[in-house]
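Spelled out from the first residue to the last, the chains are:
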Amino acid sequence: PGAALRSGDGELHSIAWSDAPAYTSEPELVPPTGPLCVVHRDEHCVVVEKPAYLPTENTERIKDSVRARVEALLGADADVRIPHRLDWETSGLLVLALGSEAMRSLSMQFASRTV
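Residues numbered from 1 in each chain as written. Predicted model: local features only at pLDDT ≥ 70, side-chain atom pairs only at ≥ 80, totals over all residues. Heavy atoms only, no water.

1. Some remarks on helix α2 (residues 100-111)
In step 1: Helix length check: α2, at twelve residues, gives a terminal C-alpha distance of 16 Å against a target of 16 Å (1.5 Å per residue), a fit within 8%.
In step 2: One or two positions beyond α2, positive phi appears at Arg113, with a value near 60°. (Helix = DSSP H or I, 4+ residues; strand = E, 2+ residues; numbered from the N terminus. Expected span 1.5 Å × (residues − 1).)

Pasting the structure below:
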């Protein structure tokens, strides 16, 4: 099984499907240590610099993540939500919503590409 794609010049290319996962399921490298760099924080959201090899959320095996670190920073009562994600291998800015209203608003902004 697979697919066929036609390039811009009309040439047909065959692509075979693979059973291999598209992404590595669990990081093999040790996540970075130390605090996250908070770029922005207000009552609606927190923006952090996510380092490579730190998952956005906890997994069954890995309990250190951006979400866990932000929750530790803000306290147990913080309602931290994630309107978008970055792969664990990727570094970059990550926006975390604080509460359901901020989550709804940010999710709509990401969907419409206005954030």
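2. Focus on the pattern of salt bridges
In step 1: Taken as a whole and assessed by the stated rule, the structure comprises four salt bridges.
In step 2: A salt bridge links Glu57 to Arg85; the shortest N-O distance between them is 2.3 Å. Within this pair, whereas Glu57 is found in the loop between β4 (45-50) and α1 (66-74), its partner Arg85 is found in the loop between β5 (80-81) and β6 (92-98), the two being separated by 28 residues in sequence.
In step 3: Its relative accessible area of 23% is what places Glu57 among the partly exposed residues.
In step 4: For Arg69, the salt bridge is made with Asp64, and the minimal N-O distance between the two is 2.7 Å.
In step 5: For Arg69, a relative accessible area of 15% translates into the label buried.
In step 6: Among the charged side chains, a network of salt bridges with common partners joins Glu57, Arg67 and Arg85. (Salt bridge = Lys/Arg side-chain N within 4 Å of Asp/Glu carboxyl O. Buried < 20%, exposed > 50% of the residue type's maximum accessible area, 1.4 Å probe, protein only.)

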